Amino acid sequence: MELSKRIVSGLGIGSFVYLLLLLMSSKKIVNSNSIIFVFCISIIIGLATLIFDIDRFSFLTCLVIHYLIVNVVVTLGSFFLMSVENCTELLTSILVIYALSYLVTYIKMRATSRELDSLIKIIQSRDKKINWTNVKYLDRK
């Protein structure tokens, strides 16, 4: 996946999770700092998905590395851009948000997978209808 798609995907998932957390939280105050914070973190986390393109790592290893990157980025960003009062609460929030983000991504991938499976079945059914023994190939000389 190219970088721009990773950034857009990160922004989409990050924004969705942020809005979901706002919906579930008791404080509904949104300011420009929190929006910029979510945008920056979402972009960095989207770019951090590049780790999943490294073939020598297992999916679980990539997931753990990505989770650690998310923790570092969110923790540093929270300390520098937002006021953090409770580090344990922050780390718990990161875990919950990461789990929700992973769930959203998993559902999205499952839907895409089902779509591709149905397209493959359509193509396979068309191939069965074609009598390939009667198809003449052009010789290119």
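Refer to the structure printed above.
Residues numbered from 1 in each chain as written. Predicted model: local features only at pLDDT ≥ 70, side-chain atom pairs only at ≥ 80, totals over all residues. Heavy atoms only, no water.

A. Local environment of the nonpolar core. Judged by nonpolar contacts, Phe-37, Ile-41, Leu-63, Val-70, Val-73, Val-74, Leu-90, Ile-94 and Tyr-98 together constitute the single largest core of nine residues. When residues of this core are traced back to their parent elements, those giving at least two are α2 (32-48), α3 (59-81) and α4 (87-129). When residues in this core are grouped by element, the largest group, four residues, is from α3. Those residues in contact with Leu-63, other than ones at most four positions away along the chain, are Phe-52, Tyr-98 and Tyr-102. (Core = buried A, V, L, I, M, F, W, Y, C linked by side-chain atoms within 4.5 Å. Buried < 20%, exposed > 50% of the residue type's maximum accessible area, 1.4 Å probe, protein only. Helix = DSSP H or I, 4+ residues; strand = E, 2+ residues; numbered from the N terminus. Contact = heavy atoms within 4.5 Å.)

B. Representation of the packing of aromatic side chains in the model. Under the criterion given, the structure shown has three aromatic pairs. Note on Phe-52 and Phe-59: the rings are 5.5 Å apart at their centroids and 35 degrees apart in plane angle, and the pair reads as tilted. For Phe-59, a relative accessible area of 46% corresponds to the partly exposed category. Between Tyr-102 and Tyr-106 the ring centres are 6.4 Å apart and the planes differ by 25 degrees, which places this aromatic pair in the stacked class. Taken as a pair, Tyr-102 and Tyr-106 lie in helix α4 at a separation of four residues, close to a single helical turn. By relative accessible area, Tyr-102 is classed as partly exposed at 36%. (Phe/Tyr/Trp six-rings, centres within 6.5 Å; stacked < 30°, edge-to-face > 60°.)

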